[in-house]
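Survey of secondary and tertiary structure
If you want the building blocks of each chain, they are given just below.
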Amino acid sequence: MNKQLLIVGVIASLFASTKIFAQEQKKTEELDEVVVTATKTKTNKKNVGKIVYKVTSKQIEERVGKTLVEVLNEIPGIEINGAQSNRGQNLGVYIRGGRNKHVAVLIDGVNINDPSSIAGDFDLRQLDLNQVESIEVLKGASSVLYGSGAATGVINIIMKKSSKKEFGGTFTTSVGSNRSAEHNKFAADELEANFNFNGTIDKVDYLLGVNSNNSSGLSSIESADENNPNKEDKFYRQNALLKIGYKVDNRVRVGLEGSYNKFYNEFDSSFPLGDADYFAETEQKRAVFSTDFNYSKGELKARGFYTKIDRNSTSSSNSIFKGEVYGFDVFNNYKVLEELSFVLGVAGQYQDMFQDSAYGNIEEGTAKQHYYDPYISVNYNTDFGLNVNAGARMNMHNEYGNNFVYNVNPSFNFEVSEQRNLKIFTSYSTAFITPALSEIFNKDDSVDELKPEKDFTVEGGFEFDVLDNLMVNATYFYREETDKVLWSGGKYLNNDGTYNLKGVEAILSYTPIKDLVISGDYTYVNINGGLSLLNLPKHKYGARVNYNMSPKTFVGATYRYTSQRETFGEVLSSYDVVDLFVNHKILKDKVTLFGNVTNLLNENFQDVSGYTARGRNYKLGLRIQF
């Protein structure tokens with residue numbers, strides 16, 4: 001508690017000691033910020049009736065040296081369990097109480113998933129932050145636009161784009177330590193190298209990015225004897241990304257994107273916990289074809305994609321998982337009037353998997369599913385401040401039939417002054433979660449057909465520019481979940497009960513002077529009705545200080561508090577983590593030197609029960625721009 005008071009006191013002193021220049025500040029960037037994920041088309045954030053949190057390219061550049069998972073875990077309202085453990089640790093992704101299967105992960109707006117995994121979700125360990133341009137997080141049920149899996153939120157990861165010059169690029173490399181709090185020392189445990197080449201030649205734009213990460217120094221599980229540490233568990237990852245676009249004319253652009261992601265991680269025994277020489281290797285190949293057609297009153301976009309996953313692992317027995325996905329999403333955004341537009345689209349997927357493991361065997365060619373989803377979303381934005389978004393989607397699935405979802409999301413902007421705005425909003429949204437192939441084809445003998453999990457979410461809140469340089473938003477949400485798919489005795493079945501949870505999310509952002517941003521956030525989630533959510537904290541709050549000391553030097557600090565969590569009847573203690581990071585540009589801004597210290601206070605805690613968490617660690621690196 002004393003440590004928390006000290007940290008809060010330091011932040012409070014920054015508020016007290018800094019002069020307010022409200023009359024001199026320009027309108028906050030957040031007010032005019034443009035987002036895509038909320039409506040599938042570029043929309044002023046002020047006209048969106050939900051809270052969309054955006055990590056900009058500038059913010060990602062400021063956090064050079066961090067991982068994608070670490071950056072996501074700092075976003076208010078997101079809890080990534082395992083983000084502070086060994087790099088190869090399985091991740092639990094929570095938004096508003098929803099687990100991995102309730103959170104849709106998109107790459108450049110395209111829904112990606114792994115049909116061979118237990119939850120059918122995408123593995124965030126595969127992506128590298130150096131290849132990411134920006135991130136948008138949309139909270140709340142979003143199945144109307146993004147289908148199955150978007151029951152509690154959407155994470156849209158937008159990859160880097162080509163520069164306008166003929167040739168450019170970056171080279172980034174870093175070295176850092178990877179140690180626990182008990183065995184803390186500086187060592188070259190983590191090595192990283194990233195190349196990025198991109199440009200535009202006449203009508204063709206291109207980007208090639210390659211990345212390699214190696215990590216060691218940390219055991220997956222904690223040692224029973226502090227003086228006799230377990231064997232370290234290594235993690236390797238390689239990424240390659242290729243994007244080619246051709247601008248036919250001012251209205252038409254076609255693009256082709258291919259990626260290759262491979263990682264290898266060593267892990268220990270889970271049941272029972274013990275040091276072991278297990279390992280897993282995952283390989284993902286992905287291709288996307290895109291076409292954009294712009295016309296006077298709108299735009300037509302088409303996306304076709306293919307993903308192939310191969311995963312092998314060893315534990316008590318060897319396991320093999322394979323998955324394939326073919327999919328498409330075609331939608332048209334049409335502006336009927338200046339204040340009225342709609343998105344009309346259809347999406348579909350064809351999934352296949354193979355499984356040979358101790359958890360069950362699924363023969364190749366026998367576990368397939370496909371579905372088609374027509375959908376419509378209407379946006380009405382008025383001059384006097386009223387905004388309404390409403391939509392519907394029909395999921396037509398070959399295994400469990402048709403399911404209908406819809407949303408209604410009104411909001412209103414009150415112009416307090418020329419540079420200050422108060423937005424109030426509310427929404428009612430339904431959502432569904434398609435049973436994963438591993439669930440459908442490992443269902444209990446008593447079950448004729450697994451039903452999709454169904455949700456509805458009610459939320460309301462506000463976003464207010466209290467001063468020209470002070471913004472606060474808060475959201476209350478309530479969610480109910482029915483037909484939950486449960487694992488019982490090695491098989492899957494639906495639970496007939498209804499589960500519910502409610503919570504609050506709040507964010508405050510303060511810019512006392514032009515180059516200093518101080519922000520804080522708080523998330524509260526209360527679970528009722530027996531929702532078995534492991535490692536989900538009831539309270540989580542954080543604070544950030546970002547300061548551009550000069551055009552060449554940036555320094556930042558983050559603080560996160562995570563409350564107690566329950567897991568398999570055990571209560572994990574609360575913990576605090578403080579991170580510091582800095583970067584400085586030299587040689588006409590062509591070279592950036594960066595460094596960070598994570599878990600500055602060397603807090604000894606468990607992010608996952610029984611597993612090792614990272615103590616105080618250091619990273620140094622440089623980025624060369626050419």
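Residues numbered from 1 in each chain as written. Predicted model: local features only at pLDDT ≥ 70, side-chain atom pairs only at ≥ 80, totals over all residues. Heavy atoms only, no water.

**Examining the overall build of the chain**
Worth spelling out the cut-off: Secondary structure elements are defined from DSSP: runs of H or I of at least 4 residues count as helices, runs of E of at least 2 residues count as strands, and each element is numbered from the N terminus. Throughout, radius of gyration means the C-alpha value; the globule benchmark is 2.2 Å times the number of residues raised to the power 0.38. The contact criterion used throughout is that any non-hydrogen atoms of two residues lie within 4.5 Å.
Counting its secondary structure elements, the chain contains six helices and 33 strands. A compact globule built from 626 residues should have a C-alpha radius of gyration of about 25 Å, and the chain, at 24 Å, falls within 12% of that. Along the first, second and third principal axes, the C-alpha set of the chain runs to 65 × 55 × 55 Å. In the chain, the share of contacts with a sequence separation of at least 24, taken over all contacts with a separation of at least 6, comes to 62%.

**Considerations on the environment of Phe289**
Here Phe289 shows up in strand E15 (residues 274–295). With 34 residues separating them along the chain, Phe289 and Gly255 place their C-alpha atoms 5.8 Å apart. In this structure Phe289 touches Gly255, Leu256, Ala302, Arg303 and Gly304, once residues within four positions along its chain are discounted.

**A look at the pairing of strand E31 (residues 575–586)**
Along any regular strand, the residues point their side chains to alternate faces of the sheet. Let me state the cut-off plainly: Pairing between two strands is assigned when DSSP locates at least 2 bridges connecting them.
The sheet contact formed by strand E28 (residues 553–562) and E31 spans 10 bridges and is antiparallel. Across the sheet, Thr553 pairs through a bridge with His584, a residue of E31. Here E31 pairs with strand E32 (residues 591–598) via seven bridges, running antiparallel. Note on E32: the bridge partner recorded for Val582 is Gly595. In this structure, the hairpin formed by E31 and E32 is closed by a connection of four residues, where Leu587 is found at a positive phi of approximately 55°.

**Here's the deal with the confidence of the model for the chain**
Note that predicted coordinates carrying low pLDDT should not be read in detail. So the rule is basically this: How sure the predictor is of each residue is captured by pLDDT, a score from 0 to 100.
Averaged over all residues, the pLDDT of the chain equals 88, while 94% of them reach at least 70. Note on residues 5–31: pLDDT is under 50 here. Beyond four places in sequence and across chains, it has 45 contacts.

**With respect to the nonpolar core**
Rules: Put simply, buried Ala, Val, Leu, Ile, Met, Phe, Trp, Tyr and Cys residues joined by side-chain atoms within 4.5 Å make one nonpolar core. Exposure classes here rest on a 1.4 Å probe applied to the protein chains alone. A residue is buried below 20% of its type maximum, exposed above 50%, and partly exposed in between.
Formed by 29 residues in total, the largest nonpolar core has its most connected members in Leu72, Ile80, Leu124, Ile135, Ile155 and Ile157. Of all the secondary-structure elements, those providing two or more residues to this core are helix H4 (68–73), strand E4 (78–81), strand E5 (92–95), strand E6 (103–107), strand E8 (132–139) and strand E9 (153–159). If near-sequence neighbours (up to four positions away) are discounted, Ile135 is found in contact with Tyr53, Lys54, Val55, Ile60, Leu68, Val71, Leu72, Ile155 and Asn156. In this structure, Val48, Phe331, Val343 and Ala347 belong to the second largest nonpolar core, which totals 15 residues.

**Some thoughts on a nonpolar patch on the surface**
Our working definition: Candidates for patches are residues over 30% relative accessible area with no salt bridge; among them, like charges are joined within 9 Å and nonpolar side chains (Val, Leu, Ile, Met, Phe, Trp, Tyr) within 5 Å. Accessible surface is estimated by sampling points in the Shrake-Rupley manner with a 1.4 Å probe; for residues, cover comes only from the protein chains shown. Should a side-chain nitrogen of Lys or Arg be within 4 Å of a carboxyl oxygen of Asp or Glu, the pair is scored as a salt bridge.
A surface patch of nonpolar side chains, about 590 Å² in accessible area, is lined by Phe195, Val204, Leu208, Val210, Leu242, Ile244, Tyr246 and Val248. Going through the elements one at a time, strand E12 (204–215) and strand E13 (235–247) are the ones with two or more residues in the nonpolar patch. As for its position among the elements, Val204 is in strand E12. Val204 sits in the partly exposed class, given a relative accessible area of 34%.

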